[in-house]
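Notes for the structure review
The primary structure of each chain is shown beneath.
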Amino acid sequence: GESVGLHLPTLSVQEGDNSIINCAYSNSASDYFIWYKQESGKGPQFIIDIRSNMDKRQGQRVTVLLNKTVKHLSLQIAATQPGDSAVYFCAEVSPGWGKLQFGAGTQVVVTP
Amino acid sequence: DAMVIQNPRYQVTQFGKPVTLSCSQTLNHNVMYWYQQKSSQAPKLLFHYYDKDFNNEADTPDNFQSRRPNTSFCFLDIRSPGLGDAAMYLCATSRNPGTETYEQYFGPGTRLTVT
């Protein structure tokens, strides 16, 4: 069968609270970043992206913050809902043909 | 709706028995990717096609091959599956990288079990 996987970092959030998911990226030359949401048994789903010439970008209930000085990315989810329970991956894109380098992922568990 | 479709969703094969996973897209994207994702891990890129141009990742085992007969379809062939190849296999597509976005559109995945 499949080899035993790692245990993902888990963020437990109460419904209605705000969630903050953090990600450290590795390549200072990366100029594009994406957050993906992956629900159990499904493929990753695009949430929001940000280019390196921006510090902040907002979507519907989500905000991405980029700190290039410390190579840190965060995803904020406002008023977290049960449907937000999933694994969240950040991905960085290095200059070139667009290869996504995924972070390790964070499991978000929303409790009632 | 335009989308990325993977068939089958679940595939069981025997150790050493060749298996083919399929992916099709209605997005008319130039680039198609195959990823392997093991439990509680991030997707790992195996290879990608830019149109008909095949690009293998350096650490992708020779046991994994791919075919792209046309824009819409891409196949992943595992010549002699081992127990360690049991995983979720994700197909993704994108437009010409960097033209507007680097977003990749993922299919639902095929869960491969090796017995």
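Refer to the preceding data block for the structure.
The sections below set out a description of the structure shown in this document.

Here is what the cut-offs are and how they apply
- Residues numbered from 1 in each chain as written.
- Chains lettered and ligands numbered in written order.
- Predicted model: local features only at pLDDT ≥ 70, side-chain atom pairs only at ≥ 80, totals over all residues.
- Heavy atoms only, no water.
- Helix = DSSP H or I, 4+ residues; strand = E, 2+ residues; numbered from the N terminus.
- Buried < 20%, exposed > 50% of the residue type's maximum accessible area, 1.4 Å probe, protein only.
- Contact = heavy atoms within 4.5 Å.
- Polar contact = N/O pair within 3.5 Å; in protein donor to acceptor, adjacent residues only side chain to side chain.
- Buried area = accessible area lost by both parts, 1.4 Å probe.
- Salt bridge = Lys/Arg side-chain N within 4 Å of Asp/Glu carboxyl O.
- Disulfide = S-S within 2.5 Å.
- Core = buried A, V, L, I, M, F, W, Y, C linked by side-chain atoms within 4.5 Å.

1. Structural notes on the environment of T10 of chain A
All names here are of chain A. The residue T10 is located in strand β1 (residues 10–14) in this model. The exposure class assigned to T10 is exposed, which follows from its relative accessible area of 53%. Placed 99 residues apart in sequence, T10 and V109 show a C-alpha to C-alpha distance of 7.2 Å. Here T10 is in contact with Q107 and V109, once residues within four sequence places are set aside. A distance of 3.3 Å separates a polar atom in the side chain of T10 from the backbone oxygen of L8.

2. What to know about the interface of chain A and chain B
With 27 residues of chain A at the contact, the number on the chain B side is 29 residues. Where chain A abuts chain B, roughly 2200 Å² becomes buried across the two surfaces, and 54% of that area is made up of carbon and sulfur atoms. Taken together, chain A and chain B are joined by 1 salt bridge. Residue E57 of chain B is joined to K99 of chain A by a salt bridge in which the shortest nitrogen-to-oxygen separation is 2.5 Å.

3. Examining the state of the cysteines
Residue and element names in this part refer to chain B. On inspection of all chains with the given rule, the structure shows 2 disulfides over all chains. The thiol sulfur of C74 is not disulfide-bonded, and the nearest other cysteine sulfur, from C91, lies at 6.0 Å. Judged by its relative accessible area of 0%, C74 falls in the buried class.

4. A look at unusual backbone geometry
Following N7 of chain B, the chain continues into P8 of chain B via a peptide bond in cis, with omega recorded as -10°. The phi angle at K71 of chain A is positive, at roughly 55°, despite the residue not being glycine. Position of K71 of chain A relative to the elements: it lies in the loop between β6 (62–67) and β7 (72–77). For N28 of chain B, which is not a glycine, the phi torsion comes out positive at approximately 60°. Residue placement: N28 of chain B occurs in the loop between β3 (19–25) and β4 (31–37). Owing to a relative accessible area of 61%, N28 of chain B belongs among the exposed residues under this scheme.

5. Details of the nonpolar core
By size, the foremost hydrophobic cluster in this structure holds 20 residues, and its most contacted members are Y36, L100 and F102 of chain A together with Y33, Y35 and F106 of chain B. Residue contributions to this core peak at 4 residues, all from strand β8 (residues 86–93) of chain A. The contact partners of L100 of chain A, leaving out residues within four places of it in the chain, are I34, Y36, A91, E92 and V93 of chain A together with Y35, Y102 and Q104 of chain B.

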